[in-house]
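Coordinate analysis (summary)
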Amino acid sequence: MLRRPRCTLACLACGPFLLSIPAPTASGQQAAPAPEWFTSHGGSREESHGHYILECEDGGFLQVGETGFVGSNARILVVKTDSTGGLDWKKEFGTGNRNMGNSALEVEDGYLVCGMLNRNSAILKLDKDTGNIIFQRTHDNGGADAFENIAPTPKGILAVGYRQAEDPNSTFFAYGRGHITFLDEAGDLIRGQSVDTYLSQAYRVQATGDDFVISGGTDDALQYGVIKIDASGDVLWNRTFGGSEEDHCFGMDLGPDGSIFLGGHTLSGTANWDTYTIKLDPEGNQIWARTRGNPRGFNPTWIHDETWGIKATPEGGCVIAAGTGDEYSYSECNGGVCSDQWEAYVVKFAAGGDLEWQETYSLGPGQDWAAEDIDLTRDGGAIVAVDDSQFGFLKLSPFNDPPTSSGDLDASGSVNGADLGILLGLWGTKNPLGDLNGDGAVSGGDLGVLLAAWTG
C-alpha cells in the first residue's frame, strides 16, 4: 500500500502571493490556468488533512477532512469559506481517536457530511450559516466502518463506503468490504447491503436518472471497480479496469452525456506511481485510458504521482487533482526545485483523451503541497483542495467556458427534448453545463430557462 506525504511545514494564508507560474506549453497544448488566490485554515490538532471540496450555492467553498491522526486524536474538520477564501466558520466533530470526514453534499437546508465517528459510519447535517449540527447519526455496519460518499435519492440518501476494515487507521484504502446504505432524509437507516463481491471499498457514488454509478477499489486495491445499481440496489452491470499491479481508484464524476470518468493512480506498466485516468461510456465500456506523471522531469523511478479527485468538464473532457513528489532518501534538484518537495499537480484532458495542459502549483521551496480534490466553479475555473498540513484552498482562473444560458445543451442548434433529457440527468448537481441561470446548482430555475428557450 502506498504512503501519502504528511507535510510538516504549516503554510500562511497567502492571498495572491503564489510563487508558481504556469510553465511554457508544448506545441498543441493550451496554457494552464494561473492561480487567483490561495489561503489555508487549520484545526486544533497538529495537522489537518482535507479529502473533499465543493463550491457552495452562495459562491463560497466547503472542505471536509480531519484534523489530527486517525487512530490517535483525529476529529472530523469542516471548513466553510466565502468566495475569496475568507473564513466563514469551521467545526470539529467526534470523540475518541478514530474519526474521519470523507465528503459532503449540499442540500437546500444544510450540508450533509459523511465519514466515520468512533469507528462507525456517520452522517451529519450542518446548518449552512453556522456549521452547527442539525442532526448526527452513526451506523455500525460491522467492525471499523465508514461512509465515503453520499448521493440524494427520492426517499433520502444513498451512502457508500466499507465495513470490516483491516486497516482502520487508513484515511485512503482501509482494506475493508464494500457496503452501501440507504438512509431516510433524517439519516436514519432504511437498509444496507454488501457490494463486496465487486468492491472492497466503495468510494464515490452519483445518480444517473433513477440509477446510481458507484466506483472504488477491488480486493487489495488491485483494480478500479465500477458498478451500476438501480434504486432498489440491484446491480445492473459491473466492470473492472487495470493492469497486473496495483490500481487505486479514488475519484469519479459523470459527464453531461453520461460518460463516466475515473481517477486514481497505478503501478501497472509504470516506473512508479503514475496518475491513471479512464473515460467510460454510460454502459461502462472504456473509451480511453491515460497515465501521466513526473511533470517536473526527475528520475521517474522515485516519483509518486497520485490522483485523489476528478471532475468532468462541460465539453466532454476532465480535470484531475493530484500530488507529485518522492518519498525516498534519494533527492534530485532542478532549477531550485527538488524532487522531495511535493507539489499540487493538475491535469486537463480533452474529450478524446488528448492532454490539453498540465501544471504543478506550490508556494516555492520548502512548502510541501498535494492536491486532494477539485471542483469546477461557476466562472469556468476551479477550486482545489490542497494538503499543506492544513486545509488549503487554491482558486484557479477560468479554463472552461462559463455556463451557457441558451438551453442548447447538446449544441444541436435548437432547444428540444434532447436538451431536457440532459438537464434532468444533471438535476441536483452543480455541473456548469446544466447551470443555465448561473446560481450554482441544476434545479427548477434552469428548467425555466430551458423551457423559455424551447424551439421544439
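As the structure is a prediction and not an experimental result, all values here were calculated from the model.

1. Re the pairing of strand 22 (residues 303-312)
Counting buried positions over the ten residues of strand 22 gives ten, a clear majority of the element. Pairing of strand 22 with strand 23 (residues 318-326) involves nine bridges; the strand directions are antiparallel. Paired with A312 across the bridge in strand 23 is C318. Here strand 22 hands over to strand 23 after five residues, with G316 in that stretch at a positive phi of 110°.

2. Examining the nonpolar core
When a protein is soluble and globular, its nonpolar side chains tend to lie buried together. Ranked by internal contacts, the top residues of the largest apolar core, which has 19 residues, are V319, V346, Y361, W369, I374, V384 and L394. Counting residues in hydrophobic clusters, the runner-up holds 16 residues, among them A104, L117, A122 and L126.

3. Quick notes on empty space enclosed by the protein
Sizing a probe to match a water molecule and rolling it over the atoms shows the empty space that remains. Counted under the stated rule, the structure contains two cavities of 30 Å³ or more. The space that makes up the second largest cavity amounts to roughly 40 Å³. The residue makeup of the lining of the second largest cavity, split by class, is three nonpolar, one polar and two charged.

4. Quick word on unusual backbone geometry
Unusually for a residue other than glycine, N118 sits at a positive phi of about 50°. Among the secondary structure elements, N118 is positioned in the loop between strand 7 (110-117) and strand 8 (120-126). Look at N118 and you get partly exposed, because its relative accessible area is 39%.

5. Overview of the pattern of salt bridges
This model, assessed by the stated rule, comprises 16 salt bridges. Between K348 and E356 there is a salt bridge, with its nearest N and O atoms 3.1 Å apart. Of the two residues, K348 and E356, both sit in the buried class. In this structure, the salt-bridge partner of D379 is K395, at a minimum N-O distance of 3.0 Å. In this pair, D379 sits in the loop between strand 28 (370-376) and strand 29 (382-387) while K395 sits in strand 30 (residues 391-396), placing the two residues 16 residues apart along the sequence. Residue K395 is classed as buried on the basis of its relative accessible area, which comes to 5%. Put simply, R163, R177, D196 and D219 are held in one network by salt bridges that share partners.

6. Overview of the sheet that holds strand 4 (residues 75-81)
Spatial strand order, 2-3-4-5: four strands in an open sheet with antiparallel pairing. A strand with exactly one partner marks an edge of an open sheet, and here the two such strands are strand 2 (48-55) and strand 5 (87-93). Along the sheet, successive strands turn relative to each other by an average axial angle of 15°, direction set aside. Relative to strand 3 (residues 61-67), strand 2 runs antiparallel, the two sharing seven bridges. Paired with H49 across the bridge in strand 3 is E66.

7. Focus: the state of the cysteines
Enumeration over the complete set of coordinates arrives at one disulfide. Free of any disulfide, C114 has its nearest cysteine sulfur in C56, 15 Å distant. C318 provides the cysteine sulfur closest to C249, a residue in no disulfide bond, and the two sulfurs are 12 Å apart. The buried category is assigned to C249, whose relative accessible area is 4%.

Scoring rules and cut-offs
Numbering of residues begins from 1 in every chain and follows the order in which that chain's sequence is written. In keeping with the predicted nature of the model, local features appear solely for residues at pLDDT of at least 70, side-chain atom pairs appear and are counted solely at 80 or more, and the whole-chain, interface and lining totals rest on all residues. To obtain the side-chain values, all non-hydrogen atoms of the structure were used and water was disregarded. Under the scheme applied here, a residue whose accessible area is under 20% of the maximum for its type counts as buried, over 50% as exposed, and between as partly exposed, the area being computed with a 1.4 Å probe on protein chains only. Helix numbering and strand numbering both begin at the N terminus, where a helix is a DSSP run of H or I of at least 4 residues and a strand a DSSP run of E of at least 2. Whether two strands pair comes down to DSSP finding at least two bridges between them. Here, nonpolar core means buried Ala, Val, Leu, Ile, Met, Phe, Trp, Tyr and Cys residues that are tied together by side-chain atoms lying within 4.5 Å of each other. Think of a 1 Å grid over just the protein atoms. A cavity is a set of points where a 1.4 Å probe fits yet cannot get out, a pocket is an open set with protein on both sides within 12 Å along at least five of seven lines, and lining residues have an atom within 4 Å of a point. Grid points are joined across faces, edges and corners, and a volume is the space filled by probe spheres set on the points. Polarity classes work like this: nonpolar for Ala, Val, Leu, Ile, Met, Phe, Trp, Tyr, Cys and Pro, charged for Asp, Glu, Lys and Arg, and polar for all others, with Gly in that last group. A carboxyl oxygen of Asp or Glu within 4 Å of a side-chain nitrogen of Lys or Arg is what we treat as a salt bridge. Throughout, an axis means a line fitted to C-alpha atoms (over the contacting stretch in the case of helices), and angles, computed between N-to-C directions, take values from 0 to 180 degrees. In this description, the term disulfide denotes a pair of cysteine sulfurs within 2.5 Å.

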